[in-house]
Amino acid sequence: MNQPKKRILTGDRTTGRLHLGHYVGSLINRVALQDTYDTFILLADVQALTTHFEHPELLQTSIYDVTIDNLSVGLDPNKVTFVQQSAVKAIAEMTIFYSMIVSVNALRHNPTIKSEAAQYGYEELSYGFLGYPVSQTADITFCNADLVPVGEDQIPHLELSRKIVRKFNNMYGTNITVPKIKLSATPRLAGLDGNAKMSKSLGNAIYLSDTPEEVNEKVRKAVTDPARVTKDIPGNPEICNVAKYHKIFTPDRYEELAEKCRTAKIGCVECKKILAESLNTLLEPMREKRAYYEAHMDEVRDIIITGSRKASEIGDAQVALMREAMHLAL
Ligand code: TRP
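Reading guide: rules and limits
- Residues numbered from 1 in each chain as written.
- Predicted model: local features only at pLDDT ≥ 70, side-chain atom pairs only at ≥ 80, totals over all residues.
- Heavy atoms only, no water.
- 1 Å grid on protein atoms, 1.4 Å probe; cavity = no way out; pocket = protein on both sides within 12 Å on 5 of 7 lines; lining within 4 Å.
- Points joined across faces, edges and corners; volume = space filled by probe spheres on them.
- Helix = DSSP H or I, 4+ residues; strand = E, 2+ residues; numbered from the N terminus.
- Nonpolar A, V, L, I, M, F, W, Y, C, P; charged D, E, K, R; others polar.

Draft legend 1. The arrangement of empty space enclosed by the protein in detail. If you walk through the whole model with that rule in mind, you get one cavity of 30 Å³ or more. Considered as a void within the structure, the largest cavity measures approximately 140 Å³ in volume. Lining the largest cavity are 19 residues, with Cys 240, Val 242, Ala 243, Cys 261 and Cys 271 sitting closest to its centre. Those elements that provide at least two residues to the lining of the largest cavity are helix H11 (241-249), helix H12 (254-262) and helix H13 (268-294). By residue number, the principal contributor to the lining of the largest cavity is H12, which donates four residues. Partitioning the lining of the largest cavity into residue classes produces 11 nonpolar, five polar and three charged.

Written out as structure tokens, the structure is:
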């Protein structure tokens, strides 16, 4: 008999459109695994509130944007379940239960929380922000996800999730799945401006929804080897951002282009043009799918609502088991 498929749950905060950093960090994995795993994609709107609580109007558009971004890269809505986090009440309830068994210090010392909090200042840090890895644990376990594909900044959260679940199971005798982490094969994507990370807040992102012209323009402005002031000075691909991108997005020609750069046989302008072409070739099929969904927003809404209903049923069953184990079921 066939074993039931194992489950994946992963997701995105709904704070804006997704970019190439998301693509290499997480979306590629989702697409590759959707046939083998029963996949849940979480539209983390509650988690988005941790930083965007003053701008809820932005969240609604973003729920749609993030869903369309995920669909545009090739996730198949007939196979994948899209879930609006705030629509699944079990997640909120499980968050409260888990919050009783996690120490504040574990959260305060979480390196990702720390570096994100540095942007806001600890004084400004809300209870919800500090606790978002706890609600993320509920996200993952309401459906007993086996595997969570994420980028490296999420590792501390996932490690904490595994601890919380083990502790809960030990304490109450439940059998909640301890999730495994699936790290992206590609290291974090640097910004083309020389920043260590591509990020919306740093203003250096190439969005999956960018037009060819926007991509050309962003690549044209990319920072390269600063010592290569003119074309006849040989460049150093080891320290060049554009070269790093070629390695990921033009892998077949990487060695050739790097060699031409080292021997000053290709200039940065031409090298960037080739990169822009590679990116546009990657993005073109996504643009086509996006255009379809943007013209069928009812379908997108339906995908989210149907998925969230299914998730709620699964989550309610999980909470019922937990309540029973915790002697809360009368
Ligand atoms: N914190 C994740 C991010 O910022 C998004 C997220 C929310 C998530 N819930 C999740 C990722 C559950 C994996 C599993 O990208």
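Draft legend 2. A look at unusual backbone geometry. Positive phi outside glycine occurs at Asn 144, with the angle close to 50°. Inspection of the secondary structure assignment puts Asn 144 in the loop between helix H8 (132-141) and strand S4 (147-150). Positioned with a positive phi, Ala 264 is a non-glycine residue whose angle comes to about 55°. Looking at the element boundaries, Ala 264 is found in the loop between H12 and H13.

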